[in-house]
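What the coordinates show
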Amino acid sequence: MRSKALVIGMLGATVLCSWALAQQEGAHHGHHASSETRAAAAVPKAKPSSREVVSVNRDEYDHVLGDMNQMLATLGQINQALSQQDMATVRKLADALRPQHTMQSQDPASVSFHAKLPSRWREFGRPMHQGFARMADQAARPDVTVAQIQALMAQTTQYCVACHSTYRLHLNP
Ligand code: HEC
């Protein structure tokens with residue numbers, strides 16, 4: 001429980017760092033970050049105990065949290081690649097999280113999990129995956145800047161935060 005809180009905290013810190021960096025880059029270039037970018041730091045948080053519970057079996061639990069940890073690792077890797085201005089790697093990492101690469105998984109745990117999802121789950125998941133698709137598209141442009149990818153990162157990670165403040169999983173062994 002504590003390590004999960006730590007991970008979520010780290011995620012929040014990632015969001016804030018992306019936001020702060022985007023602001024800094026924006027200042028360097030003499031323009032302000034967009035209002036969406038600024039909003040990234042201000043997502044309201046529901047009390048964890050009031051989040052809607054999604055009941056899952058062990059396979060579904062492992063599947064979902066496996067995906068979650070993979071996404072957190074990807075955020076770190078994208079930030080690493082950005083710090084080296086390595087847009088080819090940014091593109092490859094973000095591309096793997098496009099909607100069509102993740103939302104049609106035929107893994108049995110994924111299929112059974114998606115069959116029982118609350119309808120609003122996709123309202124967070126879909127735009128998040130679309131955010132990664134935009135990052136991959138932008139990273140492919142020859143004139144792309146680090147600040148542009150960071151701004152997309154800040155917008156996209158808002159959906160991580162919003163979904164985390166809406167749902168929690170309950171493991172039914
Ligand atoms: C559509 C909903 C949704 C989205 C979008 C989402 N998550 Fe999650 N995530 C969850 C839920 C639900 C949990 C389980 C929380 C709980 O039960 O307390 C979770 C848990 C996690 C965990 C903890 C994993 C563990 O092993 O305990 C990490 C890390 C995580 N998410 C990362 C992310 C990142 C990074 C993103 C965005 C790039 C993201 N998530 C987007 C729903 C979501």
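Rules of the game
Residues numbered from 1 in each chain as written. Predicted model: local features only at pLDDT ≥ 70, side-chain atom pairs only at ≥ 80, totals over all residues. Heavy atoms only, no water. Helix = DSSP H or I, 4+ residues; strand = E, 2+ residues; numbered from the N terminus. Buried < 20%, exposed > 50% of the residue type's maximum accessible area, 1.4 Å probe, protein only. Contact = heavy atoms within 4.5 Å. Salt bridge = Lys/Arg side-chain N within 4 Å of Asp/Glu carboxyl O. Axes fitted to C-alpha atoms, helices over the stretch in contact; angles between N-to-C directions. Parallel < 35°, antiparallel > 145°, perpendicular 65-115°, else oblique. Left-handed = near helix turned anticlockwise from the far one by under 90°. Donors = N, O, S within 2.8 Å, 3.2 Å for Na, K, Ca; no water. Tetrahedral: all angles 85-135°; square planar, octahedral: opposite > 155°, others 65-115°. pLDDT = per-residue confidence, 0-100. Nonpolar A, V, L, I, M, F, W, Y, C, P; charged D, E, K, R; others polar.

Turning to the overall build of the protein, a few remarks are in order. Looking only at helices and strands, one finds eight helices and two strands in the protein. Walking the protein from its N terminus toward its C terminus, one meets helices and strands in the order α-α-β-α-α-α-α-α-α-β. The buried share among the 173 residues of the protein stands at 38%. Taking as baseline every contact in the protein between residues at least 6 positions apart, the subset at least 24 positions apart corresponds to 81%.

Moving on to the pattern of salt bridges. Within the structure shown, the criterion is met by five salt bridges. Residue Arg 98 pairs with Asp 137 through a salt bridge whose shortest N-O separation is 2.7 Å. Taken as a pair, Arg 98 in the loop between helix H4 (87-95) and helix H5 (99-102) and Asp 137 in helix H7 (residues 121-139) lie far apart in primary sequence, 39 residues in all. Judged by its relative accessible area of 42%, Asp 137 is partly exposed. Three or more residues joined by partner-sharing salt bridges are found here, namely Asp 95, Arg 98 and Asp 137.

Moving on to the packing of helix H3 (residues 58-83) against H4. Between H3 and H4, the least distance of the axes is 8 Å, while the angle of their chain directions is 165 degrees. Judged by the inter-axis angle, H3 sits roughly antiparallel to H4. The chirality of how H3 crosses H4 is left-handed. Touching Thr 74, Gln 77, Ile 78, Ala 81 and Leu 82 of H3 are Met 87, Thr 89, Val 90, Leu 93 and Ala 94, all from H4.

At this site the iron atom of the ligand is bound by Met 68 (SD) and His 164 (NE2), with donor distances of 2.0 to 2.2 Å. Between the six donor atoms coordinating the iron atom of the ligand, the angles at the centre fall across 87 to 179 degrees, so the site counts as octahedral. Of this pair, Met 68 sits in helix H3 while His 164 sits in helix H8 (residues 146-164), placing them 96 residues apart in sequence.

Turning next to the confidence of the model for the protein. Mean pLDDT for the protein: 81, with 73% of residues reaching 70 or above. Taken element by element, the protein is modelled with least confidence in helix H1 (residues 2-28), mean pLDDT 44, and with most confidence in H4, mean pLDDT 98. Segment residues 6-39 is flagged for pLDDT under 50; beyond a separation of four residues in sequence, or across chains, it makes 37 contacts in the model.

Right, let's talk about the environment of Ala 96 for a bit. Of note, Ala 96 is situated in the loop between H4 and H5. Each C-alpha atom, one on Ala 96 and one on Phe 132, is 8.4 Å from the other, the two residues being 36 residues apart in sequence. Filtering out sequence-adjacent residues up to four positions away, Ala 96 remains in contact with His 101 and Thr 102.

This brings us to the packing of H3 against H7. Between H3 and H7, whose axes approach to 14 Å, the crossing angle comes to 30 degrees. Here H7 runs roughly parallel to H3, going by the angle between their axes. Relative to H7, the crossing made by H3 is left-handed. Between H3 and H7, the residues in contact are Met 68, Met 71, Leu 75 and Ile 78 and Trp 121, Met 128, Phe 132 and Met 135, respectively. Looking at side-chain class alone, the contact of H3 with H7 contains eight nonpolar, no polar and no charged residues.

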